[in-house]
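What follows is the residue order along each chain.
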Amino acid sequence: MKSAYWDKWWRTRATRRRLLAGGGLTAAGAASFALVGCGNDDDDDDTVAPTPANGETPTPANGDGPQTGGTLTQVAGPIG
């Protein structure tokens, strides 16, 4: 059973004014999506660590690099 509303909607004639209004709404929607996509992500990670020119892996200046030994603590719990 179809409703009378949709039967009337499909039988109406597409006028120039209605087509222009639909095109304007489509353009406005596309422009708003483009503006949202170009927004700032609000990350404060603007600092980039310098890379040595000779290709070596940089080490921390204070000597707190990786160390052997210690205990590994799992955040999610045991697996299995």
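Residues numbered from 1 in each chain as written. Predicted model: local features only at pLDDT ≥ 70, side-chain atom pairs only at ≥ 80, totals over all residues. Heavy atoms only, no water.

Asker: Account for the overall build of the protein chain, with residues named and values stated.
Answerer: A tally of regular secondary structure across the protein chain gives two helices and zero strands. Summed over its atoms, the accessible surface of the protein chain is roughly 8400 Å², and 59% of this surface lies on carbon and sulfur atoms. (Helix = DSSP H or I, 4+ residues; strand = E, 2+ residues; numbered from the N terminus. Areas by Shrake-Rupley, 256 points an atom, 1.4 Å probe, with all protein chains shown as cover.)

Asker: Go over the packing of aromatic side chains, please, and point to the residues and values.
Answerer: Any two aromatic rings considered together are summarised by their centre-to-centre distance and by the angle between their planes. In the structure shown here, the tally under the stated rule is three aromatic pairs. On the numbers, 5.0 Å between centres and 80° between planes, the contact of Y5 with W6 is edge-to-face. On the basis of relative accessibility, which here comes to 54%, the residue Y5 falls in the exposed class. Here the aromatic rings of W6 and W9 are separated by 5.8 Å at their centres, their planes lie at 70°, and the arrangement is edge-to-face. Of this pair, W6 and W9 both sit in helix α1 (residues 4-11), separated by three residues, roughly a single helical turn. (Phe/Tyr/Trp six-rings, centres within 6.5 Å; stacked < 30°, edge-to-face > 60°. Buried < 20%, exposed > 50% of the residue type's maximum accessible area, 1.4 Å probe, protein only.)

Asker: Could you give me a rundown of helix α2 (residues 16-37), with the residues and numbers involved?
Answerer: Over its 22 residues, α2 runs 31 Å from end to end, which matches the ideal 32 Å to within 8%, given 1.5 Å per residue. The buried fraction of α2 is low, at zero of 22 residues. (Expected span 1.5 Å × (residues − 1).)

Asker: So what about a nonpolar patch on the surface? Which residues, and what values?
Answerer: A cluster of nonpolar side chains, contributed by Y5, W6, W9 and W10, occupies part of the molecular surface with about 580 Å² of accessible area. Taking relative accessible area as the criterion, W9 reaches 42% and is therefore assigned partly exposed. (Patch = residues over 30% accessible without salt bridge, like charges linked within 9 Å, V, L, I, M, F, W, Y side chains within 5 Å. Salt bridge = Lys/Arg side-chain N within 4 Å of Asp/Glu carboxyl O.)

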